[in-house]
Structure formats: structure tokens, C-alpha cells
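A look at the structure
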Amino acid sequence: MNFRIGHGYDLHRLVEDRKLILGGVDIPYVKGLLGHSDADVALHALMDALLGALALGDIGKHFPDSDPAYKGISSILLLKKVYEIISRENYILSNADITIIAQKPKLLPYIPEMRKNIADAIGCDISQISVKATTEEGLGFTGSGEAISAHAVCILQKNI
């Protein structure tokens with residue numbers, strides 16, 4: 001079988017007067033992520049991993065922040081579009097693993113819904129999607145509460 005591995009990373013600043021959306025879940029918190037779209041770092045990292053696995057660039061190439069069509073758009077919708085691109089290349093997701101780095105809020109209660117949202121958007125089994133959260137023990141941008149970041153890796157396999 002033909003396998004491809006991709007990695008993605010994203011980071012957005014936390015600001016007041018924005019919703020905090022992670023993995024397609026609206027999480028109650030005093031701050032949200034700043035960005036052109038809904039700034040969902042978890043899904044942005046995943047989309048970059050999917051596109052990177054096939055050397056198709058990144059989400060900035062496909063959905064530029066200079067395009068008003070993407071202002072405030074749901075990253076779940078963008079993930080669906082990215083997976084359509086992957087499918088047209090005749091690949092399917094084997095699995096994806098996402099790590100969200102945030103000092104606050106605690107994300108454990110929201111992870112099952114994140115996994116379901118991602119699996120539904122891609123059209124795969126929830127067992128193929130892993131989402132984890134960690135802190136940076138008060139260090140760096142994420143540890144100080146200035147930002148939230150995410151890493152994602154995925155394995156795609158040729159759909160034979």
C-alpha cells in the first residue's frame with residue numbers, strides 16, 4: 001500500500017470578544033482565538049497535516065486570509081473542503097493524532113465532541129481520530145495564556 005505522512009502546526013493569539021472554537025466545539029472561556037476564520041488551531045493543524053501529506057501546500061494557499069469569503073468561516077467547513085481535495089487525489093485517512101497546547105481552559109470534557117466533529121467532517125470512524133490536550137507548565141506563549149497552539153500528524157493511504 002502507498003502511505004503518506006503529514007504534520008501540521010498552528011498557533012493563534014487569545015483575545016477578548018472572540019469565541020473559543022477547538023475541534024469544532026464552542027468552548028466557554030473568557031477569551032477566544034484571533035484569526036480570519038474561526039481560528040480553530042486544532043483543525044488548522046489537521047488540515048495542514050492532510051495537505052502536507054500529499055505535498056499540496058497549506059491552508060493559506062487554499063483559503064487565503066486575504067479572501068473575504070473565508071472571513072469568520074467555520075474550520076469544520078474548511079476541513080470538509082480539504083478532505084474533498086484529499087479524496088480527489090485518491091487517498092483516504094488511516095488515522096490522525098492532534099495535540100492541543102493550552103494552559104487554560106481544561107479541555108478534557110470537550111475531547112469526545114471534538115473527535116466526533118472531526119470524524120463526521122471527514123466521514124471516518126471516530127477510532128481513527130485522536131485528540132489530546134496538554135499544558136506547557138506556564139512556559140512560552142501558550143503557557144502564559146497568550147495563545148493556544150496545536151500539532152497534528154496523519155497517515156493517508158492510497159484508496160485502491
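Here the residue numbering is sequential within each chain, running from 1 through the sequence in written order. Where totals are concerned, whole chains, interfaces and linings use all residues; where local detail is concerned, this predicted model gives features only for residues with pLDDT of at least 70, and gives and counts side-chain atom pairs only at 80 or more. Just so you know, side-chain values use all the structure's heavy atoms and leave hydrogens and water out.

Attention now moves to the pairing of strand β5 (residues 91-101). Of the strand pairs in this sheet, β5 and strand β7 (residues 147-158) are connected by 10 bridges, and their pairing is antiparallel. Bridge pairing in β7 places L93 opposite L156. We treat two strands as partners when DSSP finds at least two bridges between them. A run of H or I in DSSP counts as a helix once it spans at least four residues, and a run of E counts as a strand once it spans at least two, with each numbered from the N terminus. Bridge count between β5 and strand β6 (residues 129-134): 6 bridges; the pairing is parallel. Each bridged residue has a counterpart across the sheet, and for I100 the counterpart in β6 is A133.

Between two packed helices, the angle of one axis relative to the other and the distance separating the axes together describe the packing. The axes used here are C-alpha line fits, helices contributing only the stretch in contact, and every angle between their N-to-C directions lies in the interval 0 to 180 degrees. Running from N to C, helix α1 (residues 41-53) and helix α3 (residues 75-88) point in directions that differ by 10 degrees, and their axes come no closer than 10 Å. As the angle between them shows, α1 and α3 are arranged roughly parallel. Counted together, L43, H44, L46, M47, L50 and L51 of α1 and S75, I76, L78, L79, V82, I85 and I86 of α3 form the full contact between these two elements. Only Asp, Glu, Lys and Arg are considered charged, only Ala, Val, Leu, Ile, Met, Phe, Trp, Tyr, Cys and Pro nonpolar, and every remaining residue, Gly among them, polar. Residue composition of the contact of α1 with α3, grouped by class: 11 nonpolar, 2 polar and no charged. Oblique is the label for any angle not covered by the other classes, which are roughly parallel (under 35 degrees), roughly antiparallel (over 145) and roughly perpendicular (65 to 115). Residue contacts follow a heavy-atom distance rule, with two residues in contact if any of their heavy atoms lie within 4.5 Å.

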